[in-house]
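Take a look at the letters that make up each chain.
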Amino acid sequence: MKILVVGSGGREHAICWAIAKSPRCEKLFCAPGNAGIGSVAECVEIGAEAVDALVRFAQDQSIDLVVVGPEGPLVAGLVDKLDAAGIKSFGPDSKAAILEGSKGFMKDLFAKYNIPTAAYGRFTDHDAAIAYVREQGAPIVVKADGLAAGKGVTLCQSVEEAEAAIDAAMTDKVFGDAGAEVVIEEFLEGEEASFFALVDGKTALPLVSAQDHKAVHDGDTGPNTGGMGAYSPAPVLTPALAEQVKKDIIQPTIDGMAAEGRPYKGVLYAGLMISEKGIKVLEYNVRFGDPECQVLMMRLKSDVVDLLEAAADGTLDQQHPQWTEEAAVVVVMAANGYPGSYEKGTEIRNLNAAGKIDGVTVFHAGTKADGNRVLANGGRVLGVTALGTSVSDAQARAYKAVDTIDWPGGFCRRDIGWRAIERERGNA
Ligand code: AMP
Ligand code: GLY
(Lines give C-alpha, C1' and ligand atoms only; values in the text may rest on other atoms or scores of the structure.)
(Ligands and ions follow the chains in the order given, each with its own letter.)
Protein backbone atom coordinates (compact mmCIF):
# COMPACT_ATOMS: atom_id res chain seq x y z
CA MET A 1 0.00 0.00 0.00
CA LYS A 2 0.98 3.61 -0.55
CA ILE A 3 0.10 5.69 2.48
CA LEU A 4 0.10 9.46 3.10
CA VAL A 5 0.10 10.85 6.65
CA VAL A 6 -0.93 14.50 7.04
CA GLY A 7 0.68 16.59 9.81
CA SER A 8 4.03 17.51 11.32
CA GLY A 9 3.86 16.88 15.07
CA GLY A 10 5.01 14.22 17.48
CA ARG A 11 1.65 12.52 16.95
CA GLU A 12 2.33 12.19 13.24
CA HIS A 13 5.88 10.96 13.85
CA ALA A 14 4.49 8.20 16.09
CA ILE A 15 1.82 7.30 13.48
CA CYS A 16 4.45 7.20 10.71
CA TRP A 17 6.79 5.13 12.90
CA ALA A 18 4.03 2.57 13.53
CA ILE A 19 2.92 2.48 9.87
CA ALA A 20 6.53 2.07 8.68
CA LYS A 21 6.74 -1.16 10.71
CA SER A 22 3.82 -2.67 8.80
CA PRO A 23 4.69 -5.19 6.09
CA ARG A 24 1.63 -3.84 4.25
CA CYS A 25 3.20 -0.42 3.74
CA GLU A 26 5.29 -0.21 0.55
CA LYS A 27 5.68 3.56 0.42
CA LEU A 28 5.03 6.16 3.12
CA PHE A 29 4.74 9.92 2.58
CA CYS A 30 4.16 12.60 5.19
CA ALA A 31 3.00 16.15 4.45
CA PRO A 32 4.70 18.25 5.64
CA GLY A 33 6.51 16.08 8.25
CA ASN A 34 9.56 17.09 10.30
CA ALA A 35 13.22 16.13 10.76
CA GLY A 36 12.42 12.91 12.64
CA ILE A 37 9.62 11.83 10.31
CA GLY A 38 12.14 12.09 7.48
CA SER A 39 13.85 8.94 8.81
CA VAL A 40 10.72 6.76 8.36
CA ALA A 41 8.78 8.51 5.57
CA GLU A 42 9.36 10.74 2.56
CA CYS A 43 8.43 14.27 3.62
CA VAL A 44 6.47 16.30 1.07
CA GLU A 45 6.37 20.09 1.22
CA ILE A 46 2.61 20.54 1.41
CA GLY A 47 1.09 22.15 4.51
CA ALA A 48 -1.41 20.16 6.57
CA GLU A 49 -4.11 22.78 5.84
CA ALA A 50 -3.52 22.88 2.05
CA VAL A 51 -6.54 20.67 1.38
CA ASP A 52 -6.65 20.90 -2.43
CA ALA A 53 -2.90 20.38 -2.85
CA LEU A 54 -3.07 17.31 -0.58
CA VAL A 55 -5.90 15.79 -2.64
CA ARG A 56 -3.97 16.46 -5.88
CA PHE A 57 -0.84 14.84 -4.44
CA ALA A 58 -2.83 11.78 -3.29
CA GLN A 59 -4.32 11.44 -6.78
CA ASP A 60 -0.99 11.91 -8.57
CA GLN A 61 0.72 9.31 -6.37
CA SER A 62 -2.23 6.85 -6.38
CA ILE A 63 -2.28 6.84 -2.59
CA ASP A 64 -4.26 3.93 -1.11
CA LEU A 65 -4.86 5.43 2.35
CA VAL A 66 -4.58 8.97 3.73
CA VAL A 67 -4.23 9.26 7.52
CA VAL A 68 -5.08 12.74 8.80
CA GLY A 69 -3.37 13.78 12.08
CA PRO A 70 -4.62 17.25 13.11
CA GLU A 71 -8.16 18.62 13.42
CA GLY A 72 -7.71 21.63 11.10
CA PRO A 73 -7.85 19.78 7.77
CA LEU A 74 -10.60 17.47 9.09
CA VAL A 75 -12.87 20.39 10.01
CA ALA A 76 -11.93 22.08 6.70
CA GLY A 77 -13.19 19.07 4.72
CA LEU A 78 -10.07 17.19 3.58
CA VAL A 79 -11.82 13.83 4.00
CA ASP A 80 -14.88 15.07 2.05
CA LYS A 81 -12.66 15.94 -0.90
CA LEU A 82 -10.70 12.67 -0.68
CA ASP A 83 -14.02 10.78 -0.64
CA ALA A 84 -15.14 12.68 -3.73
CA ALA A 85 -11.88 11.72 -5.45
CA GLY A 86 -12.36 8.06 -4.48
CA ILE A 87 -9.38 8.00 -2.10
CA LYS A 88 -9.70 6.08 1.16
CA SER A 89 -8.90 7.98 4.33
CA PHE A 90 -8.73 7.69 8.10
CA GLY A 91 -10.57 10.54 9.82
CA PRO A 92 -14.04 12.07 9.97
CA ASP A 93 -15.50 14.17 7.17
CA SER A 94 -16.41 17.78 7.92
CA LYS A 95 -20.01 16.90 8.85
CA ALA A 96 -18.68 14.61 11.60
CA ALA A 97 -15.59 16.69 12.53
CA ILE A 98 -18.04 19.38 13.70
CA LEU A 99 -17.93 17.48 17.02
CA GLU A 100 -14.63 19.28 17.64
CA GLY A 101 -15.28 22.20 15.28
CA SER A 102 -18.29 23.51 17.21
CA LYS A 103 -18.63 23.10 20.96
CA GLY A 104 -22.21 24.35 20.69
CA PHE A 105 -23.09 21.55 18.25
CA MET A 106 -21.42 19.04 20.55
CA LYS A 107 -23.31 20.21 23.64
CA ASP A 108 -26.66 20.14 21.82
CA LEU A 109 -25.90 16.57 20.70
CA PHE A 110 -25.17 15.57 24.31
CA ALA A 111 -28.45 17.12 25.43
CA LYS A 112 -30.50 15.48 22.67
CA TYR A 113 -29.08 11.99 23.30
CA ASN A 114 -28.87 12.17 27.12
CA ILE A 115 -25.08 11.99 27.22
CA PRO A 116 -23.82 13.11 30.68
CA THR A 117 -22.05 16.48 30.50
CA ALA A 118 -21.81 19.84 32.32
CA ALA A 119 -24.93 22.07 32.25
CA TYR A 120 -24.51 24.82 29.64
CA GLY A 121 -25.84 27.71 27.62
CA ARG A 122 -24.96 28.76 24.02
CA PHE A 123 -24.80 32.45 23.14
CA THR A 124 -24.32 34.57 20.05
CA ASP A 125 -25.54 37.65 21.93
CA HIS A 126 -23.01 39.32 24.25
CA ASP A 127 -25.55 40.77 26.71
CA ALA A 128 -27.40 37.48 27.02
CA ALA A 129 -24.08 35.73 27.81
CA ILE A 130 -23.29 38.30 30.52
CA ALA A 131 -26.78 37.93 32.00
CA TYR A 132 -26.33 34.13 32.11
CA VAL A 133 -23.04 34.24 34.08
CA ARG A 134 -24.52 36.76 36.51
CA GLU A 135 -27.45 34.43 37.08
CA GLN A 136 -25.29 31.26 37.39
CA GLY A 137 -22.44 32.73 39.45
CA ALA A 138 -18.84 31.46 39.69
CA PRO A 139 -16.85 29.28 39.28
CA ILE A 140 -17.93 28.95 35.67
CA VAL A 141 -16.31 28.08 32.33
CA VAL A 142 -16.40 30.23 29.17
CA LYS A 143 -15.53 28.55 25.85
CA ALA A 144 -15.21 29.88 22.32
CA ASP A 145 -17.45 27.79 20.06
CA GLY A 146 -14.94 27.13 17.27
CA LEU A 147 -11.34 25.95 16.93
CA ALA A 148 -8.99 28.21 18.90
CA ALA A 149 -5.74 26.23 18.93
CA GLY A 150 -6.50 24.91 22.41
CA LYS A 151 -6.72 28.41 23.89
CA GLY A 152 -10.48 29.01 23.71
CA VAL A 153 -11.37 27.77 27.21
CA THR A 154 -11.31 30.08 30.27
CA LEU A 155 -11.87 28.64 33.74
CA CYS A 156 -13.31 31.57 35.68
CA GLN A 157 -13.17 31.82 39.46
CA SER A 158 -15.31 34.96 39.58
CA VAL A 159 -18.18 36.52 37.63
CA GLU A 160 -15.85 39.42 36.71
CA GLU A 161 -13.37 36.99 35.13
CA ALA A 162 -16.20 35.36 33.19
CA GLU A 163 -17.40 38.75 31.95
CA ALA A 164 -13.85 39.56 30.82
CA ALA A 165 -13.62 36.21 28.99
CA ILE A 166 -16.92 36.92 27.21
CA ASP A 167 -15.71 40.42 26.26
CA ALA A 168 -12.41 39.01 24.94
CA ALA A 169 -14.16 36.43 22.75
CA MET A 170 -17.21 38.38 21.59
CA THR A 171 -16.18 42.06 21.63
CA ASP A 172 -12.38 41.99 21.18
CA LYS A 173 -12.62 38.87 18.95
CA VAL A 174 -9.31 37.46 20.23
CA PHE A 175 -10.26 34.06 18.73
CA GLY A 176 -11.55 35.59 15.49
CA ASP A 177 -14.72 33.95 14.17
CA ALA A 178 -14.24 31.01 16.56
CA GLY A 179 -15.45 33.25 19.41
CA ALA A 180 -18.50 34.77 17.69
CA GLU A 181 -20.49 32.22 19.68
CA VAL A 182 -19.62 31.14 23.23
CA VAL A 183 -20.61 28.13 25.30
CA ILE A 184 -20.85 28.81 29.03
CA GLU A 185 -20.60 25.78 31.26
CA GLU A 186 -20.97 24.56 34.78
CA PHE A 187 -17.52 24.13 36.41
CA LEU A 188 -16.92 20.44 37.10
CA GLU A 189 -14.65 19.12 39.86
CA GLY A 190 -12.84 15.79 39.68
CA GLU A 191 -9.97 13.98 38.04
CA GLU A 192 -9.60 14.29 34.28
CA ALA A 193 -9.10 11.29 32.05
CA SER A 194 -8.93 10.71 28.32
CA PHE A 195 -10.62 7.94 26.39
CA PHE A 196 -9.70 6.96 22.85
CA ALA A 197 -11.68 4.76 20.49
CA LEU A 198 -11.40 3.92 16.82
CA VAL A 199 -14.77 4.32 15.14
CA ASP A 200 -16.04 3.14 11.75
CA GLY A 201 -19.48 4.77 11.62
CA LYS A 202 -21.15 2.24 13.91
CA THR A 203 -18.61 0.25 15.98
CA ALA A 204 -16.34 1.71 18.67
CA LEU A 205 -13.08 -0.09 19.37
CA PRO A 206 -11.62 1.35 22.59
CA LEU A 207 -7.84 1.70 22.76
CA VAL A 208 -5.76 1.26 25.90
CA SER A 209 -5.97 4.15 28.36
CA ALA A 210 -3.62 7.12 28.19
CA GLN A 211 -3.45 10.39 30.09
CA ASP A 212 -1.68 13.64 29.35
CA HIS A 213 -0.39 16.48 31.52
CA LYS A 214 -1.61 19.81 30.17
CA ALA A 215 -0.02 22.26 32.61
CA VAL A 216 3.46 23.54 31.80
CA HIS A 217 5.07 23.09 35.24
CA ASP A 218 5.64 20.22 37.68
CA GLY A 219 2.74 19.38 39.96
CA ASP A 220 0.31 20.29 37.15
CA THR A 221 0.78 24.02 37.79
CA GLY A 222 1.12 26.98 35.43
CA PRO A 223 -0.65 27.73 32.15
CA ASN A 224 -2.11 25.00 29.99
CA THR A 225 -0.22 23.74 26.94
CA GLY A 226 -0.96 21.25 24.18
CA GLY A 227 0.41 18.59 26.56
CA MET A 228 3.81 18.27 28.31
CA GLY A 229 3.81 14.51 28.56
CA ALA A 230 1.60 11.43 28.79
CA TYR A 231 1.52 7.89 30.12
CA SER A 232 -0.27 4.62 29.46
CA PRO A 233 -1.96 2.81 31.07
CA ALA A 234 -3.79 5.46 33.11
CA PRO A 235 -4.98 3.67 36.25
CA VAL A 236 -7.77 6.22 36.88
CA LEU A 237 -9.64 4.62 33.99
CA THR A 238 -10.32 1.18 35.47
CA PRO A 239 -11.75 -1.50 33.16
CA ALA A 240 -15.17 -1.02 34.80
CA LEU A 241 -15.11 2.75 34.22
CA ALA A 242 -13.95 2.23 30.63
CA GLU A 243 -16.91 -0.09 30.02
CA GLN A 244 -19.26 2.53 31.48
CA VAL A 245 -17.75 5.28 29.30
CA LYS A 246 -18.23 3.16 26.21
CA LYS A 247 -21.86 2.37 27.07
CA ASP A 248 -23.04 5.76 28.41
CA ILE A 249 -20.92 8.20 26.38
CA ILE A 250 -19.13 6.80 23.32
CA GLN A 251 -21.77 4.50 21.83
CA PRO A 252 -24.64 7.00 22.27
CA THR A 253 -22.45 9.62 20.56
CA ILE A 254 -21.74 7.35 17.58
CA ASP A 255 -25.40 6.33 17.32
CA GLY A 256 -26.49 9.97 17.69
CA MET A 257 -24.09 11.14 14.98
CA ALA A 258 -25.36 8.41 12.64
CA ALA A 259 -28.97 9.39 13.39
CA GLU A 260 -28.12 13.02 12.59
CA GLY A 261 -26.82 11.96 9.16
CA ARG A 262 -23.24 12.57 10.28
CA PRO A 263 -21.74 9.07 10.63
CA TYR A 264 -18.44 9.27 12.50
CA LYS A 265 -15.26 7.55 11.30
CA GLY A 266 -11.74 7.92 12.60
CA VAL A 267 -10.52 8.26 16.15
CA LEU A 268 -12.75 9.73 18.81
CA TYR A 269 -10.95 11.25 21.78
CA ALA A 270 -13.15 12.04 24.76
CA GLY A 271 -12.00 14.35 27.55
CA LEU A 272 -13.73 13.13 30.72
CA MET A 273 -14.21 14.39 34.26
CA ILE A 274 -14.45 11.65 36.86
CA SER A 275 -15.88 12.39 40.30
CA GLU A 276 -17.86 10.65 43.02
CA LYS A 277 -20.97 11.91 41.28
CA GLY A 278 -20.09 9.97 38.12
CA ILE A 279 -18.44 10.49 34.77
CA LYS A 280 -19.17 13.43 32.49
CA VAL A 281 -17.75 14.23 29.09
CA LEU A 282 -16.05 17.63 28.84
CA GLU A 283 -15.31 17.57 25.14
CA TYR A 284 -14.53 15.56 22.07
CA ASN A 285 -11.56 15.79 19.77
CA VAL A 286 -11.75 14.21 16.34
CA ARG A 287 -8.09 13.16 16.23
CA PHE A 288 -5.50 11.43 18.38
CA GLY A 289 -4.17 13.38 21.35
CA ASP A 290 -0.64 14.67 21.07
CA PRO A 291 1.40 13.40 22.99
CA GLU A 292 -1.02 10.60 24.01
CA CYS A 293 -0.69 9.06 20.54
CA GLN A 294 3.03 8.51 21.14
CA VAL A 295 2.42 6.20 24.11
CA LEU A 296 -0.46 4.42 22.37
CA MET A 297 1.67 3.67 19.29
CA MET A 298 4.53 2.43 21.51
CA ARG A 299 2.21 -0.08 23.21
CA LEU A 300 0.44 -1.30 20.06
CA LYS A 301 1.64 -4.74 18.97
CA SER A 302 -0.86 -5.26 16.13
CA ASP A 303 -0.47 -3.86 12.63
CA VAL A 304 -1.71 -0.26 12.79
CA VAL A 305 -2.51 -0.26 9.05
CA ASP A 306 -5.10 -3.02 9.59
CA LEU A 307 -6.79 -0.91 12.26
CA LEU A 308 -6.76 2.39 10.35
CA GLU A 309 -8.07 0.70 7.23
CA ALA A 310 -10.81 -1.13 9.15
CA ALA A 311 -12.01 2.21 10.55
CA ALA A 312 -12.23 3.54 6.99
CA ASP A 313 -13.90 0.37 5.65
CA GLY A 314 -16.47 -0.14 8.41
CA THR A 315 -15.00 -3.48 9.58
CA LEU A 316 -13.71 -2.63 13.06
CA ASP A 317 -15.92 -5.36 14.55
CA GLN A 318 -13.42 -7.86 13.07
CA GLN A 319 -10.35 -6.27 14.68
CA HIS A 320 -8.80 -7.40 17.97
CA PRO A 321 -5.76 -5.22 18.63
CA GLN A 322 -2.98 -6.57 20.84
CA TRP A 323 -1.08 -4.34 23.25
CA THR A 324 2.10 -4.86 25.21
CA GLU A 325 1.62 -5.25 28.96
CA GLU A 326 4.48 -2.80 29.40
CA ALA A 327 3.78 0.80 30.38
CA ALA A 328 4.83 3.78 28.26
CA VAL A 329 5.76 7.35 29.20
CA VAL A 330 6.41 10.30 26.88
CA VAL A 331 8.19 13.40 28.18
CA VAL A 332 7.78 16.46 25.97
CA MET A 333 10.81 18.72 25.58
CA ALA A 334 9.71 22.23 24.65
CA ALA A 335 11.55 25.39 23.67
CA ASN A 336 12.34 27.71 26.61
CA GLY A 337 9.45 30.15 26.97
CA TYR A 338 6.71 27.82 25.66
CA PRO A 339 3.67 28.18 25.84
CA GLY A 340 4.57 31.88 25.62
CA SER A 341 7.00 33.22 23.03
CA TYR A 342 10.10 31.15 22.33
CA GLU A 343 13.13 31.03 20.08
CA LYS A 344 13.47 28.84 17.00
CA GLY A 345 16.66 27.52 15.41
CA THR A 346 18.57 26.35 18.51
CA GLU A 347 20.59 23.17 17.91
CA ILE A 348 19.72 19.82 19.51
CA ARG A 349 22.57 17.31 20.01
CA ASN A 350 22.98 13.67 21.12
CA LEU A 351 19.60 12.53 19.78
CA ASN A 352 21.09 9.30 18.43
CA ALA A 353 22.64 8.38 21.77
CA ALA A 354 19.31 9.05 23.54
CA GLY A 355 17.43 6.88 21.05
CA LYS A 356 19.77 3.94 21.74
CA ILE A 357 18.79 3.69 25.41
CA ASP A 358 16.87 0.47 26.00
CA GLY A 359 13.13 0.92 25.41
CA VAL A 360 13.46 4.52 24.21
CA THR A 361 12.17 6.13 21.00
CA VAL A 362 12.55 9.87 20.48
CA PHE A 363 9.66 11.29 18.47
CA HIS A 364 10.11 14.69 16.86
CA ALA A 365 7.52 17.47 16.87
CA GLY A 366 8.81 20.97 16.01
CA THR A 367 12.18 20.06 14.50
CA LYS A 368 13.86 20.89 11.24
CA ALA A 369 16.86 19.24 9.58
CA ASP A 370 19.79 21.47 8.61
CA GLY A 371 22.28 19.19 6.91
CA ASN A 372 23.27 16.75 9.66
CA ARG A 373 22.10 19.09 12.39
CA VAL A 374 18.66 19.05 14.01
CA LEU A 375 17.23 22.44 14.93
CA ALA A 376 14.26 23.37 17.09
CA ASN A 377 11.44 24.72 14.96
CA GLY A 378 8.41 25.00 17.26
CA GLY A 379 7.09 25.15 20.82
CA ARG A 380 6.84 21.45 21.57
CA VAL A 381 9.96 19.99 19.98
CA LEU A 382 10.59 16.39 21.10
CA GLY A 383 8.58 13.54 22.63
CA VAL A 384 11.06 11.37 24.49
CA THR A 385 9.18 8.10 24.86
CA ALA A 386 10.01 4.88 26.71
CA LEU A 387 8.52 1.49 27.50
CA GLY A 388 9.11 -0.11 30.90
CA THR A 389 7.79 -2.76 33.25
CA SER A 390 5.77 -0.09 35.10
CA VAL A 391 5.05 3.62 34.67
CA SER A 392 7.91 4.41 37.09
CA ASP A 393 10.33 2.19 35.13
CA ALA A 394 9.28 3.76 31.82
CA GLN A 395 9.59 7.20 33.40
CA ALA A 396 13.15 6.48 34.59
CA ARG A 397 14.19 5.40 31.09
CA ALA A 398 12.56 8.44 29.48
CA TYR A 399 14.39 10.83 31.84
CA LYS A 400 17.68 9.00 31.24
CA ALA A 401 17.19 9.76 27.54
CA VAL A 402 16.15 13.37 28.29
CA ASP A 403 19.36 13.82 30.29
CA THR A 404 21.39 12.43 27.38
CA ILE A 405 19.99 15.02 24.97
CA ASP A 406 22.07 18.18 24.80
CA TRP A 407 19.70 21.08 24.19
CA PRO A 408 20.19 24.17 26.35
CA GLY A 409 17.35 25.85 24.42
CA GLY A 410 14.73 23.47 25.83
CA PHE A 411 13.08 22.31 29.04
CA CYS A 412 10.70 19.60 30.25
CA ARG A 413 8.61 18.66 33.26
CA ARG A 414 10.33 16.22 35.64
CA ASP A 415 7.19 14.49 36.99
CA ILE A 416 5.37 13.01 33.99
CA GLY A 417 3.19 10.11 35.14
CA TRP A 418 3.17 11.15 38.81
CA ARG A 419 -0.45 10.19 39.45
CA ALA A 420 0.07 6.69 38.06
CA ILE A 421 3.35 6.32 39.96
CA GLU A 422 1.68 7.31 43.24
CA ARG A 423 -0.96 4.69 42.59
CA GLU A 424 1.76 2.11 41.78
CA ARG A 425 3.40 2.94 45.11
CA GLY A 426 0.07 2.56 46.88
CA ASN A 427 -0.09 6.21 47.99
CA ALA A 428 -3.35 7.10 46.29
P1 AMP B 1 -11.55 21.64 26.63
O2 AMP B 1 -10.72 22.19 25.50
O3 AMP B 1 -13.00 21.89 26.48
O4 AMP B 1 -11.19 20.23 26.99
O5 AMP B 1 -11.04 22.42 27.92
C6 AMP B 1 -9.68 22.47 28.26
C7 AMP B 1 -9.49 22.14 29.70
O8 AMP B 1 -10.29 23.00 30.51
C9 AMP B 1 -9.95 20.74 30.06
O10 AMP B 1 -8.98 19.78 29.83
C11 AMP B 1 -10.26 20.90 31.54
O12 AMP B 1 -9.05 20.87 32.29
C13 AMP B 1 -10.81 22.28 31.63
N14 AMP B 1 -12.29 22.30 31.55
C15 AMP B 1 -13.05 22.35 30.43
N16 AMP B 1 -14.36 22.35 30.72
C17 AMP B 1 -14.44 22.30 32.07
C18 AMP B 1 -15.55 22.27 33.00
N19 AMP B 1 -16.82 22.32 32.58
N20 AMP B 1 -15.24 22.20 34.31
C21 AMP B 1 -13.96 22.18 34.74
N22 AMP B 1 -12.91 22.20 33.93
C23 AMP B 1 -13.12 22.26 32.61
N1 GLY C 1 -2.85 16.38 24.54
C2 GLY C 1 -4.06 17.06 24.35
C3 GLY C 1 -4.51 17.18 22.96
O4 GLY C 1 -3.97 16.59 22.05
O5 GLY C 1 -5.49 17.88 22.74
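The following refers to the structure shown. (Residues numbered from 1 in each chain as written. Chains lettered and ligands numbered in written order. Predicted model: local features only at pLDDT ≥ 70, side-chain atom pairs only at ≥ 80, totals over all residues. Heavy atoms only, no water.)

Comments concerning the overall build of the chain
Stage number 1. From N to C terminus, the chain includes 14 helices and 24 strands.
Stage number 2. Here the C-alpha atoms of the chain give a radius of gyration of 21 Å, agreeing with the 22 Å that 2.2 N^0.38 yields for 428 residues.
Stage number 3. Counting only C-alpha atoms, the chain reaches 60 × 50 × 45 Å along its principal axes.
Stage number 4. Split into buried and exposed, the 428 residues of the chain put 57% on the buried side.
Stage number 5. Working note: accessible area of the chain is about 17,200 Å², and carbon and sulfur atoms make up 47% of it. (Helix = DSSP H or I, 4+ residues; strand = E, 2+ residues; numbered from the N terminus. Rg over C-alpha atoms; globule rule 2.2 N^0.38 Å. Buried < 20%, exposed > 50% of the residue type's maximum accessible area, 1.4 Å probe, protein only. Areas by Shrake-Rupley, 256 points an atom, 1.4 Å probe, with all protein chains shown as cover.)

With respect to the site of ligand 1
Stage number 1. Taken together, 14 residues surround ligand 1, and among them Glu185, Glu186, Leu188, Glu192 and Glu283 come closest.
Stage number 2. A distance of 2.9 Å separates a nitrogen atom of ligand 1 from a polar atom in the backbone of Glu186.
Stage number 3. Contact distances for ligand 1 include 2.8 Å between a nitrogen atom and a backbone N or O atom of Leu188.
Stage number 4. Protein contact buries 90% of the 470 Å² of open area that ligand 1 shows by itself. (Near = heavy atom within 4 Å. Polar contact = N/O pair within 3.5 Å; in protein donor to acceptor, adjacent residues only side chain to side chain.)

Some details on unusual backbone geometry
Stage number 1. Cis rather than trans, the peptide bond between Ala31 and Pro32 has omega equal to -5°.
Stage number 2. Phi is positive for Ser62, close to 50°, though the residue is something other than glycine.
Stage number 3. Mapped onto the secondary structure, Ser62 falls in the loop between helix H2 (51–60) and strand E4 (65–68).
Stage number 4. Backbone geometry places Lys173, a non-glycine residue, at a positive phi of 55°.
Stage number 5. Along the polypeptide, Lys173 turns up in the loop between helix H8 (159–171) and strand E9 (182–186).

A short note on the pairing of E4
Stage number 1. Side chains Leu65 and Val67 project from E4 onto one buried face, and the interleaved Val66 and Val68 project onto a second face that is buried too.
Stage number 2. Note: strand E1 (residues 2–7) against E4, four bridges, orientation parallel. The residue of E4 that forms the bridge with Leu4 is Val66.
Stage number 3. Relative to strand E5 (residues 89–90), E4 runs parallel, the two sharing two bridges. The residue of E5 that forms the bridge with Val67 is Phe90. (Pairing = 2+ DSSP bridges.)

Examining the pattern of salt bridges
Stage number 1. Following the criterion strictly, the structure yields 30 salt bridges and no others.
Stage number 2. In this structure, Glu347 engages Arg373 in a salt bridge whose closest nitrogen and oxygen atoms are separated by 3.1 Å. One end of the pair, Glu347, is in strand E19 (residues 347–348); the other, Arg373, is in strand E22 (residues 373–376), with 26 residues separating them in the sequence.
Stage number 3. Here Asp406 ties to Arg349 by a salt bridge, and the two come within 3.9 Å at their closest N and O atoms. A residue pair is termed long-range when its members are at least 10 positions apart, and Asp406 in the loop between helix H13 (391–404) and strand E24 (410–411) and Arg349 in the loop between E19 and helix H12 (351–355) qualify at 57 residues.
Stage number 4. Residue Arg349 is classed as partly exposed on the basis of its relative accessible area, which comes to 41%. (Salt bridge = Lys/Arg side-chain N within 4 Å of Asp/Glu carboxyl O.)

Let's talk about the nonpolar core
Stage number 1. Grouped together as the largest cluster of nonpolar side chains are 81 residues, with contacts concentrated most on Leu99, Ile250 and Tyr284.
Stage number 2. With sequence-adjacent residues up to four places away left out, Leu99 is seen in contact with Phe105, Met106, Leu109, Thr253, Met257, Tyr264, Leu268, Tyr284 and Val286.
Stage number 3. Counting residues in each nonpolar core, the second largest holds 45 residues, with Val67, Val305, Trp323 and Leu387 among its members. (Core = buried A, V, L, I, M, F, W, Y, C linked by side-chain atoms within 4.5 Å. Contact = heavy atoms within 4.5 Å.)

Digging into the sheet that holds strand E21 (residues 367–370)
Stage number 1. Pairing within the open sheet is antiparallel, and its three strands lie in the order E19-E22-E21. Across the chains shown, the open sheet's two edge strands, defined by having one partner strand only, are E19 and E21.
Stage number 2. Bridge count for E21 against E22 is four bridges, and the pairing is antiparallel. From the neighbouring strand, Lys368 faces E22, where its bridge partner is Leu375.

Describing the site of ligand 2
Stage number 1. Close to ligand 2 lie Asp212, Gly226, Tyr269, Arg287, Gly289, Asp290, Pro291 and Glu292, which account for all nearby residues.
Stage number 2. Taking Arg287, its side chain carries an N or O atom lying 3.0 Å from an oxygen atom of ligand 2.
Stage number 3. About the coverage of ligand 2: the protein hides 88% of its 190 Å² of free accessible area.

Describing H2
Every α-helix carries 3.6 residues per turn, so stepping three or four residues along brings you back to the same face.
Stage number 1. Where H2 is concerned, the buried positions are Val51, Leu54, Val55, Phe57 and Ala58. The buried residues of H2 occupy one face: seen down the axis, they fall within an arc of 160°. Residues of H2 that are exposed and point over 90 degrees away from its buried face: Arg56 and Asp60.
Stage number 2. Its buried side turned inward, H2 meets E1, strand E2 (27–32), E4 and helix H4 (78–84).
Stage number 3. In the stretch just after H2, Ser62 is the one whose phi turns positive, near 50°. (Arc of directions from axis to C-beta.)

It is worth stressing that arrangement in space is one thing and function is another; only the former is reported here.
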